[in-house]
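These are the residues of each chain, in order.
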Amino acid sequence: MSSYNKHLPYIGQTPFFACQFDQRFSYCLYVPKDYYTQTQDNFNLLVIIHGSARTAERYRNLFADFAEENQCIVLAPLFPIGIEDPLEQ
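Residues numbered from 1 in each chain as written. Predicted model: local features only at pLDDT ≥ 70, side-chain atom pairs only at ≥ 80, totals over all residues. Heavy atoms only, no water.

**Quick word on the pairing of strand S4 (residues 26–31)**
Sheet faces and side chains relate simply in a regular strand, where the side chains alternate between the two faces. Counting buried positions along S4 yields five of six residues, so the element is predominantly enclosed. In the sheet, strand S3 (residues 17–18) pairs with S4 via two bridges, with the strands oriented antiparallel. When the bridges of S4 are listed, Phe17 appears paired with Tyr27. Bridging between S4 and strand S6 (residues 72–78) involves five bridges; their strand directions are antiparallel. From the neighbouring strand, Tyr27 faces S6, where its bridge partner is Pro77. (Buried < 20%, exposed > 50% of the residue type's maximum accessible area, 1.4 Å probe, protein only. Helix = DSSP H or I, 4+ residues; strand = E, 2+ residues; numbered from the N terminus. Pairing = 2+ DSSP bridges.)

Quick look at the structure:
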């Protein structure tokens, strides 16, 4: 479960955020619980790309334990259908 403290950014599972470069795209994160108490330079970024079912949130959740154990942030982008081709699946 994600937690939010007005004094800290998101920890754990985040909601989806709109990409600031192109708001047609969004992403969610998993931020390890000790991210704000550790040297943040020690954390890697793990990008998980969904398949055609577009279950980005599910993939993010599946890699939460991995993120905690390996000090990495999970980024799960959501690529919507029909950006370049309306018939795209």
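**Digging into the packing of aromatic side chains**
If you walk through the whole model with that rule in mind, you get six aromatic pairs. Aromatic pair Tyr35 and Phe43: ring centres 4.9 Å apart, planes at 80°, arrangement edge-to-face. Per residue, the accessibility class of Tyr35 equals that of Phe43, and both read buried. Members of the aromatic cluster, joined through ring pairs, are Tyr10, Phe17 and Tyr27. (Phe/Tyr/Trp six-rings, centres within 6.5 Å; stacked < 30°, edge-to-face > 60°.)

**Brief notes about unusual backbone geometry**
Within the chain, Arg54 stands out as a residue other than glycine whose phi angle is a positive 55°. Along the chain, the position of Arg54 falls in the loop between strand S5 (44–47) and helix H1 (56–62). The exposure class assigned to Arg54 is partly exposed, which follows from its relative accessible area of 22%. Despite not being glycine, Gln71 shows a phi value in the positive range, around 45°. Its place among the elements puts Gln71 in the loop between helix H2 (64–70) and S6.

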